[in-house]
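Architecture at a glance
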Amino acid sequence: MRITVVGTGYVGLVTGTCFAETGNNVTCVDIDENKVKKLSSGQITIYEPGLEKLFERNLKEERLQFTTSLAEGIKDAQVIFLALPTPPGADGAADLSFVLRVAEQLGKLITDYKVIVDKSTVPVGTAEKVEEAIARNCKGEFDVVSNPEFLREGVAVEDFMKPDRVVIGTRSERARKVMGDLYAPFVRQGNPILYMDERSAELTKYAANSFLATKISFMNEVAVLCERLGADVDMVRRGIGSDDRIGKRFLFPGIGYGGSCFPKDVQALVKSSQDAQYDFKILNAVMEVNEKQKLFLVPKIKNFFNGDLKGKRFALWGLAFKPNTDDIREAPALYIIESLLKEGAEICVFDPEAMPNVQQIVGNKVRYAEHQYDCLQDADALIIATEWSVFRTPDFDKINESLKNKVIFDGRNLFDVQRMHELGFYYESVGRAVARQDV
Ligand code: UDX
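Residues numbered from 1 in each chain as written. Predicted model: local features only at pLDDT ≥ 70, side-chain atom pairs only at ≥ 80, totals over all residues.

As annotated in an unreviewed UniProt entry, the chain carries the name UDP-glucose 6-dehydrogenase and is attributed to Chitinophaga agrisoli. UniProt annotates the chain under Sequence similarities (unreviewed entry) with the comment "Belongs to the UDP-glucose/GDP-mannose dehydrogenase family." The chain has a UniProt comment under Catalytic activity (unreviewed entry) that states "UDP-alpha-D-glucose + 2 NAD(+) + H2O = UDP-alpha-D-glucuronate + 2 NADH + 3 H(+)". (UniProt positions renumbered as here; feature names shortened; annotations may be inferred.)

Put into structure tokens, the structure is as follows:
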């Protein structure tokens, strides 16, 4: 099939590359000339494990191309994906201006039947708005489909190639057939393609992300309670997660969810609810808990240093909002940095991928270490904000030698509390006992 993907951001680039990988001919369109130039010359613009290999292969085999011209990009395409940004506007609602602007332009360009697919996360009712925007000037036939994307950063290729489900929102038989054929190679293992109306598909995406965010905030509150009541959140997590109705996944407490999706989508669903004169109480609490959770470690750190962090030196491991990505949007680490700097502390950071992105925002207010152990030198404590695999089994002797105090604050529960006690560390994590040393 000939496919166009408009927008070469995270979702667009993964979508385009993975469709090319299954034999389709894909043209990606982006208004950013620089990006198109880079991508056309084989330079990938995002960090995502496994993507580069597929990208290079499909570029070489000419199943994947890039252009800044929408007219050129959609020529001969049967399906046009819109993978455009929908940032939160001032009122928290998703800003649809990018999507609707392209829809309007498409209207002027379409001459034969096209399936236009909303891949971006968009509020309920957007498919209708897109349809109106296209129809305003359109002479050709078309259908608008809502096909939300559920991929996770860091495992995006795997998620795209083997999705748990594909949601296709359309009431058109013709569009349904095209979309079914396109996705058939991705659901060979038996996972379902769920056909539904556009509005249900749009809401499915928000409800899924909001539900997952709820699970996380719920566990973060359980963790607080564990600390107060002397229970261990790891035990409680296992205890409840083995009930199939609850499920083992997404029950890990920590220093809050971040990223480009959860914070934005929960907020947008709250806003949609308000617009529909409904107060979605649980989600308000989910957001409130998460805001607090990002700074969960800070009072613990302050407390340990008797309320005075002036001149204290901290090593910070992990900046990305989660492992295997360089994405720092809404990353808890940034909030921790801001808060500690305000208290007069000095910070040296390390992250395997995200340091260049942090440098752009934080500049030289912190120091950047070349190696994870370099930033420990003479630090008063180590703080862990992201659970990169390289932090999971560190060389504790090295940590020991470098740190001024044997003190670790772990926002991702990477280590066993008893073991840390035996190794002689003061160790605080989330929802578990504190490993204290007598001396
Ligand atoms: C999420 C959804 O999972 C995906 O389906 C959607 O398409 C986009 O949003 P992503 O943002 O890439 O994907 O990351 P995910 O792995 O879901 O993690 C989100 C956040 O939740 C991270 O900050 C992570 O640290 C946090 N998290 C996750 C927890 O705090 N505890 C958990 O148990 C799981």
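1. So, the site of the ligand
By nearness alone, 19 residues border the ligand, and Glu153, Phe252, Tyr257, Gly259 and Cys261 come closest of all. Of the residues that constitute the shell around the ligand, the class distribution is eleven nonpolar, four polar and four charged. Lining the shell around the ligand are residues from two domains, each supplying at least three of them: domain 1 (2–196) and domain 2 (205–293). (Near = placed C-beta within 6 Å. Nonpolar A, V, L, I, M, F, W, Y, C, P; charged D, E, K, R; others polar. Domains from an automatic or database assignment.)

2. Focus on the domain arrangement of the chain
Here the chain is described as being made up of domain 1 (2–196), domain 2 (205–293) and domain 3 (297–428). For domain 2 versus domain 3, the separation of C-alpha centres amounts to 24 Å. Opposite the seven residues of domain 2 that make contact, domain 3 presents twelve residues. In terms of residue class, the side of domain 2 that touches domain 3 is made up of two nonpolar, five polar and no charged. (Contact = placed C-beta atoms within 7 Å.)

3. Quick look at the UniProt feature "domain: UDP-glucose/GDP-mannose dehydrogenase C-terminal" (unreviewed entry) in the chain
When the UniProt feature table is mapped onto this chain numbering, "domain: UDP-glucose/GDP-mannose dehydrogenase C-terminal" (unreviewed entry) sits at residues 315–417. Across residues 315–417, helical content stands at 26% and strand content at 17%; the span's end C-alpha atoms are separated by 20 Å. (Helix = DSSP H or I, 4+ residues; strand = E, 2+ residues; numbered from the N terminus.)

4. Examining the UniProt feature "binding site: substrate" (unreviewed entry) in the chain
UniProt records the feature "binding site: substrate" (unreviewed entry) at Phe150, Leu151, Arg152, Glu153, Lys205, Phe250, Leu251, Phe252, Pro253, Gly254, Gly258 and Lys322, using the numbering of this structure. With the annotated positions falling across 173 residues, the maximum pairwise C-alpha distance of 23.7 Å shows that they are not confined to a single cluster. Relative to the helices and strands, Lys205 resides in helix H9 (residues 198–229). Note that Gly254 resides in the loop between helix H10 (233–241) and helix H11 (262–275). Once residues lying within four places of it in the same chain are set aside, the contact partners of Gly254 are Gly411, Arg412, Asn413 and Val430.

5. Quick word on helix H15 (residues 355–362)
Side chains of residues three or four places apart in an α-helix project in the same direction, reflecting 3.6 residues per turn. Turning to H15, its buried residues number three or more, namely Met355, Val358 and Val362. Angular distribution of buried residues about the axis of H15 spans 60 degrees; they occupy a single face of the element. Across H15 from its buried face, at more than 90 degrees, point the exposed residues Pro356 and Gln360. Summarising the contacts, the buried residues of H15 are in contact with helix H14 (332–342), strand E10 (346–350) and strand E11 (367–368). Gly363 sits one or two positions beyond H15 and adopts a positive phi of about 60 degrees. (Buried ≥ 20, exposed ≤ 12 C-beta atoms within 10 Å, placed from the backbone. Arc of directions from axis to C-beta.)

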